[in-house]
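Fold and geometry: a report
Here is what each chain is made of, one letter per residue.
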Amino acid sequence: MTAIDEQTARRAAFPPGFVWGTATSAYQIEGAAAEDGRGPSIWDTFCAIPGVVADAASGDHACDHYHRWEEDLDLLTGLGTGAYRFSLAWPRVFPTGYGQPDRRGLDFYRRLADGLRDRGITPFATLYHWDLPQGLEDRGGWRERDTALRFADYAAVVHEALGDAVPYWITLNEPYCSSIVGYGEGRHAPGAREGHGALAAAHHLLLGHGLAVARLRERAGPEEQIGITLNMSPTVAGTGAPEDVAAARRMDLMVNRQFTEPLLGGRYAEDLAEVYGPISDLSFQREGDLEIIGAPVDFLGVNYYYRLHAVAAPYAEADPARRTACDLGARTVEPAAPRTSGLGWVVEPRGLYDTLSGLAARYPGLPPVYITENGYGDRGELDDQGRIAYLADHLAVTGDAIAAGVDVRGYFCWSLIDNFEWARGYDARFGLVHVDYRTQARTPKASYGWFRDYIADAGTGR
Ligand code: FCB
């Protein structure tokens, strides 16, 4: 462990106006899955498949935020955060993904955005946090170019309804997870294990982002800011052996550069065709797509949880034509004597520093960065000292990155409240506030008070 991983006590300096917030997403907290015309999403379908989600859990009820949103916004007031990141459920707005929007869905988000503004909290709205309408998946989902077009239409309709209330727009949350984890690894909805299909999904998500940016720009006022959120996991070789270094580079391509290069560099990653050529002809790439995808954004959202340590491993499938997009001849290993979270995730704050400084070094025109997620999972302790230490250390290295010249404008803790943690169900808890899922009682944890005090010292940056 290096010094940078052991800095719990150190306080960072944040510039004036630095934005403090927490983040959530629709499917993870809202519940009310069949209310007010909401259509099914791929996550509703996926959760119904036996054995894919822990304890056969689903987001059907989740935290019942759809009804308890005012109580949840009051928790934000108590925390003193100046901003809140939430997502809209596409199938609440378009129950099948396209056609006529349902007013009732849009009205819910209107109430939410107005409720935030009434409390002096700036809304950061994410348009897509993984809950694709099942109606679009039935037509091929993100494998199909048409889904990117439908996404842009959805973005325009949402902006029409909320543009005067939401100043910050995030098109996609973590396209790596939506494409490679959902269509390649099959661990997330829709649970596919494909090669070409997963790579097409990654491309079409990026295209959908670019098309949505254009539609939002047409409508946005001068103050509105448009961006995208990527999950970044700096990838390091488990040993210095050339085959492990090469394996780490392939993993870095899959997780990070596949997305950052077209978005921020205006090019496909230089090794994309070489690494993925054997499993896909990449025929989904069309002339002009890079210009659409690489259109300037006003900010980049970065979600950081951990680094990846990679070594070479045998391919699962000998025949390249049958490989999935995550069958790369690489596997992750744990570093020696790791510090771990309550879920066993390796805790390495320096990975956040490396992510921020690495982005600034690689992309000279890097837009301002918001850390749109960072947080600690455990099984639900109220005296959550592990979470406090995690947040303190990641905030310390964020301060280091700012001091080193990276333009970081804000930090959103994942998450405000415990919620449905995807394939892990309700067992994994990331909230500053505990949720009793039987009674829906909210109980602030020790970290809630700690974060409140930390922000009060640093300034809320509204
Ligand atoms: C991120 C997701 C978020 C949450 C955290 C723990 O990858 O964006 O929804 O599940 O991980």
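See the structure shown above.
One structure accompanies this document, and this report is about it.

Definitions and limits used
- Residues numbered from 1 in each chain as written.
- Predicted model: local features only at pLDDT ≥ 70, side-chain atom pairs only at ≥ 80, totals over all residues.
- Heavy atoms only, no water.
- Phe/Tyr/Trp six-rings, centres within 6.5 Å; stacked < 30°, edge-to-face > 60°.
- Helix = DSSP H or I, 4+ residues; strand = E, 2+ residues; numbered from the N terminus.
- Buried < 20%, exposed > 50% of the residue type's maximum accessible area, 1.4 Å probe, protein only.
- Lys NZ or Arg CZ within 6 Å of the ring centre and 35° of its normal.
- Pairing = 2+ DSSP bridges.

Observations regarding the packing of aromatic side chains
Counted by the stated rule, this structure contains 43 aromatic pairs. An angle of 85° between the planes, with centres 6.0 Å apart, marks the rings of Trp 90 and Tyr 128 as edge-to-face. Residue Trp 90 is found in helix H4 (residues 90-93), and its partner Tyr 128 is found in strand E3 (residues 122-128); the two are separated by 38 residues along the sequence. On the basis of relative accessibility, which here comes to 0%, the residue Trp 90 falls in the buried class. Since its relative accessible area comes to 1%, Tyr 128 is described here as buried. A network of ring pairs unites the aromatic residues Tyr 27, Trp 43, Phe 46, Trp 130, Phe 420, Trp 422, Tyr 426 and Tyr 437 as a single cluster. Over the ring of Tyr 66 we find Arg 92, and its NZ or CZ is 4.1 Å from the ring centre.

Concerning the pairing of strand E12 (residues 433-436)
Pairing of E12 with strand E13 (residues 441-444), which is carried by 4 bridges, proceeds in the antiparallel orientation. When the sheet's bridge partners are listed, Asp 436 is paired in E13 with Ala 441. Where E12 folds back onto E13 in an antiparallel hairpin, the turn is made up of 4 residues, including Gln 440, whose phi is positive at roughly 65°.

Here we look at unusual backbone geometry
Here the residue pair Ala 189 and Pro 190 is connected by a cis peptide bond, since its omega of 5° sits within 30 degrees of zero. By secondary structure assignment, the location of Pro 190 is in the loop between helix H8 (175-185) and helix H9 (196-219). Omega for the peptide link from Trp 414 to Ser 415 comes to 15°, which places this bond in the cis form. Mapped onto the fold, Ser 415 is located in the loop between strand E11 (408-414) and E12. One non-glycine residue, Ala 32, lies in the positive phi region at around 45°. Inspection of the secondary structure assignment puts Ala 32 in the loop between helix H1 (26-29) and helix H2 (42-47). Ala 32 gets classed as buried once you look at its relative accessible area, which sits at 9%. Located in the positive-phi region is Ala 337, a residue other than glycine, with phi close to 45°. When you line up the elements, Ala 337 lands in the loop between strand E9 (330-332) and helix H13 (350-362). Overall, the relative accessible area of 72% leaves Ala 337 in the exposed class.

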